[in-house]
Amino acid sequence: MSSLKTTPPVPLWLQWTAWIVVITAIPLVLLGAETTTKKAGMADQQAVRSPLYLFEREEHVEGNPIRGVHLLQTMQIAMFFEHSHRLFGWAVGAQCLFLLAPGMWFAARGGYRWLGLLALTGVTAQGLLGIARVALNVRAGPELAALHGCSAQIVFASLVAVATIATFAWRTPSDALPGWLRWATLGIVALVYAQLVAGAIMRHLLDPIAMRLHILLAFAAVLAILWWCYQIRLHDRLSGATWAMAAFLTFLVLIQPILGVEAWIRRFGTTMLPDEVPSTLVGDTVRSVHHLLGTMIFGTTVALAALVVRPRSRQADETLIEKNVLAPQTLRSSSVQPARTMEEIA
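Now for a quick tour of the structure. This structure is a prediction, so every number in the text was calculated from the model and none was measured. (Residues numbered from 1 in each chain as written. Predicted model: local features only at pLDDT ≥ 70, side-chain atom pairs only at ≥ 80, totals over all residues. Heavy atoms only, no water.)

## Topic: the nonpolar core
And then number 1: With 64 residues, the main nonpolar core has C96, L159 and W228 as its most contacted residues.
And then number 2: Looking at this core element by element, the count peaks at 13 residues for helix α12 (residues 281-308).
And then number 3: With sequence-adjacent residues up to four places away left out, L159 is seen in contact with V21, V22, A25, V92, C96, A119 and V123. (Core = buried A, V, L, I, M, F, W, Y, C linked by side-chain atoms within 4.5 Å. Buried < 20%, exposed > 50% of the residue type's maximum accessible area, 1.4 Å probe, protein only. Helix = DSSP H or I, 4+ residues; strand = E, 2+ residues; numbered from the N terminus. Contact = heavy atoms within 4.5 Å.)

## What to know about the side chain of Q95
And then number 1: Turning to its location among the elements, Q95 is positioned in helix α4 (residues 77-107).
And then number 2: Using a relative accessible area of 17% as the deciding quantity, one classes Q95 as buried.
And then number 3: Not counting residues within four places of it along the chain, the set of residues in contact with Q95 comprises I20, V21, T24 and L100.

## Re helix α11 (residues 240-268)
And then number 1: With 29 residues, α11 extends 42 Å from end C-alpha to end C-alpha; this agrees with the ideal 42 Å at 1.5 Å per step.
And then number 2: Taken as a whole, α11 has its buried residues at T242, M245, A246, L249, L252, V253, Q256, L259, G260, A263 and R267. (Expected span 1.5 Å × (residues − 1).)

## Some remarks on a nonpolar patch on the surface
And then number 1: A cluster of nonpolar side chains, contributed by V48, W90, L128 and I131, occupies part of the molecular surface with about 370 Å² of accessible area.
And then number 2: Classification of W90 by relative accessible area gives partly exposed; the value is 43%. (Patch = residues over 30% accessible without salt bridge, like charges linked within 9 Å, V, L, I, M, F, W, Y side chains within 5 Å. Areas by Shrake-Rupley, 256 points an atom, 1.4 Å probe, with all protein chains shown as cover. Salt bridge = Lys/Arg side-chain N within 4 Å of Asp/Glu carboxyl O.)

## Here we look at the packing of α4 against helix α5 (residues 114-135)
And then number 1: Close contact between α4 and α5 brings their axes to 8 Å; oriented N to C, the two are set at 155 degrees. As far as their axial angle goes, α5 and α4 are roughly antiparallel. In the packing of α4 onto α5, the handedness of the crossing is left-handed. Across the interface between the two elements, E82, R86, V92, G93, C96, L97, L100, A101, M104 and W105 from α4 touch W114, L115, G116, L117, A119, L120, V123 and V134 from α5. (Axes fitted to C-alpha atoms, helices over the stretch in contact; angles between N-to-C directions. Parallel < 35°, antiparallel > 145°, perpendicular 65-115°, else oblique. Left-handed = near helix turned anticlockwise from the far one by under 90°.)

## Topic: α5
And then number 1: Between its first and last C-alpha, α5 extends 32 Å over 22 residues, near the 32 Å set by a 1.5 Å rise per residue.
And then number 2: Taken together, the buried positions of α5 are occupied by L115, G116, A119, L120, V123, Q126, L129, G130, R133 and V134.
And then number 3: Residues of α5 that are buried sit in contact with α4, α6 (137-140) and α7 (142-165).

## Some details on the layout of surface pockets
And then number 1: Taken as a whole, the second largest pocket encloses approximately 780 Å³ of empty space.
And then number 2: For the second largest pocket, the lining is made up of 32 residues, of which Q195, H214, Q256, G260 and H290 are closest to its centre.
And then number 3: Every element with two or more residues in the lining of the second largest pocket is listed here: α7, α9 (179-205), α10 (208-235), α11 and α12.
And then number 4: If one sorts the elements of the lining of the second largest pocket by residue count, α11 sits on top with 10 residues.
And then number 5: For the lining of the second largest pocket, the per-class residue count stands at 18 nonpolar, 11 polar and three charged. (1 Å grid on protein atoms, 1.4 Å probe; cavity = no way out; pocket = protein on both sides within 12 Å on 5 of 7 lines; lining within 4 Å. Points joined across faces, edges and corners; volume = space filled by probe spheres on them. Nonpolar A, V, L, I, M, F, W, Y, C, P; charged D, E, K, R; others polar.)

Written out as structure tokens, the structure is:
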């Protein structure tokens with residue numbers, strides 16, 4: 001029984017696996033952003049192809065070159081980026097299907113077993129939506145592409161949340177974080193996601209209302225995140241991971257507006273219509289990296305939120321009662337039966 005308590009509910013190799021899935025999803029997001037930037041989403045109108053499509057031989061080309069090399073040599077950049085995006089989508093899906101989901105189910109304990117299935121469900125749904133985006137393009141058009149971009153943010157953040165909850169840092173009881181800070185955390189997560197949704201609609205549909213909301217919500221998100229990170233560092237002194245995550249999020253938030261201004265000027269600050277702005281290496285890179293940083297900000301916000309709302313320690317409950325923040329009967333009930341953790345949930 002003692003060995004069960006000292007052994008972490010999620011083995012170390014599974015914790016690393018969860019973060020490897022997140023790392024693999026980063027180029028998936030970047031390539032998806034480049035596909036949208038270069039308007040390459042419909043470069044191939046066949047929705048499903050082999051995962052190794054880029055590595056197959058071109059049988060109808062002299063010398064039978066590898067398809068990926070041939071696409072680059074013939075400057076079929078749109079086709080190359082579209083299938084690179086699909087390739088990493090297959091990779092993330094395979095990691096969830098063959099490593100993370102069965103690993104969590106058979107090697108983890110308690111409620112942690114469901115984390116892998118959560119990740120697999122999200123990735124599978126996003127893949128099916130990507131297939132529908134291509135297959136139904138004639139009927140759904142760019143609206144379905146915008147939905148695909150919005151849901152991608154949720155799936156990536158879910159992968160980050162799964163990796164965060166599986167770590168030891170999430171199982172470390174939190175300090176005396178006041179209840180209002182936990183509620184503010186949920187509001188900030190919703191605010192950041194709303195700003196990303198406005199950006200996705202602006203990017204795909206050039207909607208004027210979304211353009212205004214994207215900018216206005218950006219100001220609100222930056223100020224809210226900086227205030228939130230300061231409050232976390234002020235109240236949570238038990239978790240070094242929380243402090244490190246807050247510092248990293250602050251760094252991303254300070255860089256993102258610079259890229260946002262540059263991306264905006266390059267697309268909307270010229271005398272040409274936005275859809276007629278020519279594709280350039282620097283311009284496309286700035287816009288795609290701006291998209292990637294937005295996704296990473298949302299993922300980091302969700303990870304930090306998971307750490308903020310993690311279970312409190314008994315000492316934290318006593319401190320909150322002394323400050324008249326927590327009702328005394330809450331502690332009395334918890335002294336009879338401690339709060340259940342995910343490890344104890346069947």
